[in-house]
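Take a look at the letters that make up each chain.
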Amino acid sequence: MADWDAKPFAISCGDPAGVGPEIIGKSWKQRVAAGLKPFFAIGNFADFKNLSGIPVQKIDQPMEAGDAFQQALPVLHIHEAAAAIPGEATLDGAQCSLHALEIASGLARSGDAGAVITAPVSKTQLYKIGFRYPGQTEFVSERCGIARENAVMMLAGPTLRVVPMTTHIALHDVPEHFTESLIVACARAAEKALIRSFGIEKPRIAIAGLNPHAGENGNLGHEEQRVMQPAIAKLREQGMNITDPLPADTMFHEEARSKYDVALCPYHDQALIPLKTLHFFDGVNITLGLPIVRTSPDHGTAFNIAGQDIADPRSMIAAIQMAATAVSNRQTYGH
């Protein structure tokens, strides 16, 4: 088994007109206090060299990051262009973010990087240059040879982990996509990740009902009975510790959260509203089901504050820390 824990982490720059370069730089600045292992940024060196109070060093190979890391933020320069103007998204910036994402994924797959952390991108700009994926998660999963439906998004903070079983689709389309096979796939991916990436030997999984009051015995919807219960029965037959569908409005208070290790939620906002309420500044997106470790901050490009030196790096720091935890646990519990 490769010693991934010894490899520096690759951080793709995200959209260079957003806060990506700033929060990467600020994370480096807090590397000692936060206990961060060596990492390097991937992008246009020009977007990093003028960061306030942060020395940067251009590197040619990931292996150079370890020696440079204590003195400066290592930057793998891959895009020759003038520095992006903060807050002004462009097609060139989208090209830079996509190129950085592709290289970061490749370096992790080859073993030259221990993990991938992705800074926020502008999907609007990426779509304009032909990007055909719903987001970075699907792009990374394809580069890893994993089918989209097997790459599951988990959002995690210190007191809550959630998996939205459907993600970026309209609410009225959720019932059509919310199938027994989807529930089974998400639950299996979550259980495996909790064991191998979080070191939880016997995960406890809660599942939220799709409808108010978990359908109220069929009076407020039938998905819980027709779709969810057959999936839950199948998972229990395989030994999984998973609840019956629970009313989502009573799942996320402190006492309820103490009874499970992850909550599976049928749709996007049902999962992300409680996660972001509790962990807006330290929530992390981690992709389950990949042969590599990939995390990202749980926020967007924040074009409106880019270049003002006020972006909060806590979510990026948490993403780097979670990547380190996942890599270490994979060494212990297996890939």
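Below is a short write-up of the structure.

What counts, and where the lines are drawn
Residues numbered from 1 in each chain as written. Predicted model: local features only at pLDDT ≥ 70, side-chain atom pairs only at ≥ 80, totals over all residues. Heavy atoms only, no water. Helix = DSSP H or I, 4+ residues; strand = E, 2+ residues; numbered from the N terminus. Rg over C-alpha atoms; globule rule 2.2 N^0.38 Å. Buried < 20%, exposed > 50% of the residue type's maximum accessible area, 1.4 Å probe, protein only. Contact = heavy atoms within 4.5 Å. Areas by Shrake-Rupley, 256 points an atom, 1.4 Å probe, with all protein chains shown as cover. Lys, Arg positive; Asp, Glu negative; His and termini not counted. Charge placed at Lys NZ, Arg CZ, Asp CG, Glu CD. Salt bridge = Lys/Arg side-chain N within 4 Å of Asp/Glu carboxyl O. Pairing = 2+ DSSP bridges. Axes fitted to C-alpha atoms, helices over the stretch in contact; angles between N-to-C directions. Right-handed = clockwise from strand over helix to strand, strands pointing away. Disulfide = S-S within 2.5 Å.

Overview of the overall build of the chain
Consideration 1: Across its full length, the chain carries 12 helices and 12 strands.
Consideration 2: In terms of overall size, the chain behaves like a compact globule, its C-alpha atoms giving a radius of gyration of 20 Å where 335 residues would be expected to give roughly 20 Å.
Consideration 3: In terms of overall dimensions, the chain has C-alpha extents of about 60 × 40 × 35 Å along its principal axes.
Consideration 4: Counting the 335 residues in the chain, one finds 55% classified as buried.
Consideration 5: Counted over contacts in the chain with a minimum sequence separation of 6, partners at least 24 positions apart contribute 75%.
Consideration 6: Here the chain displays about 14200 Å² of accessible surface, and carbon together with sulfur accounts for 50% of that area.
Consideration 7: Charge centroids of the chain, computed over 28 positive and 35 negative side chains, lie 3 Å from each other.

Brief notes about the pattern of salt bridges
Consideration 1: Under the counting rule described, the total for this entry stands at 10 salt bridges.
Consideration 2: Salt-bridge contacts for Asp309 lead to Lys26; the nearest nitrogen and oxygen are separated by 3.6 Å. Here the residue Asp309 occupies a position in the loop between β12 (294-297) and α12 (314-333), and Lys26 occupies one in helix α1 (residues 20-29), the gap between them amounting to 283 residues.
Consideration 3: Among the salt bridges present, the one from Glu142 reaches Arg132, with a minimum N-O distance of 3.5 Å. You can see Glu142 sitting in helix α6 (residues 136-143) and its partner Arg132 sitting in the loop between α5 (123-128) and α6, a full 10 residues away along the chain.
Consideration 4: For Glu142, a relative accessible area of 34% puts it in the partly exposed group.
Consideration 5: Using a relative accessible area of 57% as the deciding quantity, one classes Arg132 as exposed.
Consideration 6: Salt bridges linked by common partners bring Glu102, Arg132, Glu142 and Arg143 together as one network.

Considering the side chain of Ser97
Consideration 1: Along the chain, Ser97 falls in helix α4 (residues 91-110).
Consideration 2: Filtering out sequence-adjacent residues up to four positions away, Ser97 remains in contact with Cys13, Gly14, Asp15, Val121 and Leu126.

Here's the deal with the sheet that holds strand β3 (residues 56-59)
By way of backbone hydrogen bonds, the strands of a sheet pair with one another, either parallel or antiparallel.
Consideration 1: Read from one edge of the open sheet, 12 strands run β3-β4-β2-β1-β5-β12-β11-β6-β7-β10-β8-β9, paired in mixed fashion. The sheet terminates laterally at β3 and β9 (241-246), the two strands that pair on one side only. Along the sheet, successive strands turn relative to each other by an average axial angle of 25°, direction set aside.
Consideration 2: Note that strand β5 (residues 116-118) and β12 share 2 bridges and pair parallel. Paired with Ile117 across the two strands is Thr295, which belongs to β12.
Consideration 3: Across the sheet, α4 lies against β1 (9-12), β2 (39-43), β4 (73-77) and β5, angled at about 140° from β2, the strand it touches most.
Consideration 4: The sheet strands contacting helix α11 (residues 268-279) are β6 (152-157), β7 (160-164), β8 (204-208) and β10 (262-265), and the helix crosses β7 at an angle near 155°.

Topic: the pairing of β2
Consideration 1: Burial analysis of β2 places 5 of its 5 residues in the buried class, the great majority of the element.
Consideration 2: A two-sided burial pattern is seen for β2, the buried positions comprising Phe39, Ala41 and Gly43 on one face and Phe40 and Ile42 on the other.
Consideration 3: Judged from the 3 bridges that link them, β2 and β4 form a sheet pairing that is parallel. Bridge pairing in β4 places Gly43 opposite His77.

Notes on the pairing of β8
Consideration 1: Among the 5 residues of β8, 4 are classified as buried, and the element is accordingly described as predominantly covered.
Consideration 2: Bridge count for β8 against β9 is 4 bridges, and the pairing is parallel. When the sheet's bridge partners are listed, Ile207 is paired in β9 with Pro245.
Consideration 3: As for the winding sense of the linkage, the β-α-β connection from β8 through helix α9 (residues 223-237) to β9 is right-handed.
Consideration 4: Sheet topology note: the β8/β10 ladder contains 3 bridges and is parallel.

Some thoughts on the state of the cysteines
Consideration 1: Overall, the coordinates contain 0 disulfides when judged by the stated rule.
Consideration 2: We note that Cys13 lacks a disulfide partner, and the nearest cysteine sulfur, in Cys96, lies 3.9 Å from it.
Consideration 3: Cys13 gets classed as buried once you look at its relative accessible area, which sits at 1%.
Consideration 4: The thiol of Cys265 is unpaired, and the distance to the nearest cysteine sulfur, on Cys186, comes to 11 Å.

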